[in-house]
Every structure is written in C-alpha cells, then in structure tokens.
Amino acid sequence: MRTAAQPGRRTAARAGLVTAAAAVLGAVAAAPPAAREWTAAPAAGRPYAYLEGPPGSVLQDTLSVTNPGTAPLTVRLTGRGAPVSFAARSVTVPARTRADVPFAVTVTADTPPGEHRGTVRAVAAGREVSVDLRLRVSGPRLAALTVEDVHVAGGAVRYTLVNRGTTVLAPRLAVRAEGLLGTVLDRPDRPLPLTLRPGERATRTEPWPDPPALDSVTVRLTATAPGAAPATARAEASFASGPALAGTAGLLLAAAGGAGYAARRRSTSRTRRDPAGATP
C-alpha cells in the first residue's frame, strides 16, 4: 500500500507546484505598471514644448504627468536653460491618473530675438524625465558692440566690452600701440573666449608683459563681432622705469659734461690767442 500511494502523492505535489506557479505568473501579469513607468510630456502628445512671443511677454504651456501605478506619485518640477516657473514646484499625481501641470516662461526685455532652447524636468521615484523646450523670440535683430573704460597699468591693458544690441555677440579684438619712435605693440584681430548677451558687459585684461621702458604711447583697441560695426577706443600711457631713467640721466649728465668741457676748451683757446692785459 505504501508503495502504491507514493506516485499519487508525487503527482499531487507536482500539480500543486504548477498551480502555485501559475498563480504567481498570473499575479505578475495582472500587476499594474511600476512607478518607474510614469511619464511626463507636453500636453496633447506633442514631441516638445514650443512657445513664441516678443521680449517682455509671459508664455504659457502645459506638462502632462501620467502615473499608471497603484500608489500616488509625487513629482518635482524644475526648468533649465530658460526662466520656467510653476504654480508649485511639486505635484502629487493619484494612482492611474494623469495630471496636467501649467507652466510659464518669462521672456525678459533683454532676451535677444531668435531661437532659444531649454528643458522642463520632472523627477520622481529615482527617475528623471526631461522635456525639450523651444522658444522663439520675435523682434528686430540688431548687433552693436562698444569698447569702454580702457586703462593701461601694471603691464596690462584693461577694458570693458558692452553688447548694446539685441543679439548674442561673439567678439574679436585687435590691439595696437604707437610710441614716439613707432609701433611698440601689434596684436592682430582674434576671437575672444566669451559671448555677450544683449545688455551684458565683460571687463577683461589684455596682458602686456614687455611694455617699453621709456616711452609715451597711444594704445588703440578695435573690437568686432559678426553683423556689428567695428568699435574702437584708445588710451594714453607713459612708461618710465627706474633703470631707463637712470640711464637717461647718465646720458644727459655726460652730454652736459661734454658741453661744459668743450666750452672750457674754447675759452682757454681764446685766452691764449688774446692774453689778458695786452695793450695795442
């Protein structure tokens, strides 16, 4: 009897395992999507958020956050590369629900016309979703650049570049200095490692490690940028180092001594030709 009963028990055990496995697989298949599957995208299924307006305007759009999970999901919202603002920095989306979150982009008065890029970021459950933001700012495009506050001191030329137009500028600079005896510095036009937004200014220093030891010079800076008229500015500077002054003083003393010696010789020569006290 014991031997006959064992195959039945094995069959029943195998059947129980199969049933349990099927139940587990069924539960996994029926389980709702996990929190990592939440999504964030522009409303109406658009591939990216697109806004257009003039400087000084506030443009609005909507971000749709979908939570397919079984528990509420708290999402933190931020913007990058553009002045994006939300009514609330975080929103809690109920389970199996979509939340449409309005946001606004402020186009400041100094924003240059043209295309601009940014992102709207949503972060939740250890995951981040970035939504592309494309902004088109309307208005006339004007490129204008000035060079201001030029000073020469301490072996350097200090100056300020100012973007006075409505477009982003990539400036270039040329430097030339003329002294009493000719050109003492000549650096041709070259790009600078910076860009200037409208209204932005940048103070920079141009090294001049080997200025003349003794000279009076005029330094001229010429700044250019694509689409902008050349801008020039100049400054006067005098150089007089200690060794140069000492050498010049020595030369002057030597010259003065030579002149005095020559005068004495001329006086002595005249005296010999016409002795004192001689009478006709």
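Structure shown above.
Here the structure is a predicted model, which is why all the values come from computation and not from measurement.

*Asks:* What am I meant to see in the environment of A87 here?
*Replies:* On the secondary structure map, A87 appears in the loop between β5 (84-86) and β6 (90-93). C-alpha of A87 to C-alpha of F103: the two residues are 16 residues apart in sequence and 7.0 Å apart in space.

*Asks:* Can you help me understand the sheet that holds strand β4 (residues 73-80) in this one?
*Replies:* Pairing between the strands of a sheet is mediated by backbone hydrogen bonds and can be parallel or antiparallel. Pairing in this open sheet of 5 strands is mixed, and the strands run β2-β9-β8-β4-β6 from one edge to the other. Two strands bound the open sheet, and with one partner strand each, they are β2 (49-53) and β6. Taken over all neighbouring pairs, the strand axes of this sheet differ in orientation by 25° on average, direction set aside. In this structure, β4 lies alongside strand β8 (residues 114-124), joined through 5 bridges in antiparallel fashion. When the bridges of β8 are listed, R76 appears paired with V123.

*Asks:* I'm lost on the pattern of salt bridges in this one. Help?
*Replies:* Applying the stated criterion to the full structure yields 14 salt bridges. Close ionic contact of R98 with D100 constitutes a salt bridge, the shortest N to O distance being 3.3 Å. Overall, the relative accessible area of 41% leaves D100 in the partly exposed class. Overlapping salt bridges, with partners in common, bring together E52, E115 and R136 in one network.

*Asks:* Mind showing me how you'd approach the packing of aromatic side chains here?
*Replies:* Where two aromatic rings form a pair, the distance of their centres and the angle of their planes describe that pair. Tallied over the full model, the rule gives 2 aromatic pairs. Seen from their ring centres, F86 and F103 are 5.9 Å apart, and the 45° between their planes marks the pair as tilted. Of the two residues, F86 sits in strand β5 while F103 sits in strand β7 (residues 97-106), which places them 17 residues apart along the sequence. The class for F103 is buried, based on a relative accessible area of 4%. Relative to F239, the ring of W208 lies with its centre 5.4 Å away and its plane at 75°, an arrangement referred to as edge-to-face. Of this pair, W208 sits in the loop between β14 (201-207) and β15 (214-225) while F239 sits in strand β16 (residues 228-240), and the two are 31 residues apart along the sequence. Its end group placed over the ring of W38, R127 keeps NZ or CZ at 5.0 Å from the ring centre. The ring of Y48 carries the charged tip of R134 above its face, separated from the ring centre by 3.8 Å.

*Asks:* I keep staring at the environment of W38 and nothing clicks. Help me out?
*Replies:* With respect to the element layout, W38 can be found in the loop between α1 (2-30) and β1 (39-42). Taking the C-alpha atoms as reference points, W38 and A124, 86 residues apart in sequence, are found 8.6 Å from one another. Engagement of the side chain of W38 in a polar contact is seen with the backbone oxygen of A124, the distance being 3.3 Å.

*Asks:* Sorry, what's going on with the side chain of T167 here?
*Replies:* By the secondary structure assignment, T167 is in the loop between β11 (156-163) and β12 (172-179). The buried category is assigned to T167, whose relative accessible area is 8%.

*Asks:* I keep staring at the side chain of E206 and nothing clicks. Help me out?
*Replies:* Its location among the elements puts E206 in strand β14. Here the side chain of E206 touches R187 through a polar contact of 2.9 Å, side chain to side chain. In this structure E206 touches A156, V157, Y159, L173, V175, R187 and R190, once residues within four positions along its chain are discounted.

Conventions we followed
- Residues numbered from 1 in each chain as written.
- Predicted model: local features only at pLDDT ≥ 70, side-chain atom pairs only at ≥ 80, totals over all residues.
- Heavy atoms only, no water.
- Helix = DSSP H or I, 4+ residues; strand = E, 2+ residues; numbered from the N terminus.
- Pairing = 2+ DSSP bridges.
- Axes fitted to C-alpha atoms, helices over the stretch in contact; angles between N-to-C directions.
- Salt bridge = Lys/Arg side-chain N within 4 Å of Asp/Glu carboxyl O.
- Buried < 20%, exposed > 50% of the residue type's maximum accessible area, 1.4 Å probe, protein only.
- Phe/Tyr/Trp six-rings, centres within 6.5 Å; stacked < 30°, edge-to-face > 60°.
- Lys NZ or Arg CZ within 6 Å of the ring centre and 35° of its normal.
- Polar contact = N/O pair within 3.5 Å; in protein donor to acceptor, adjacent residues only side chain to side chain.
- Contact = heavy atoms within 4.5 Å.

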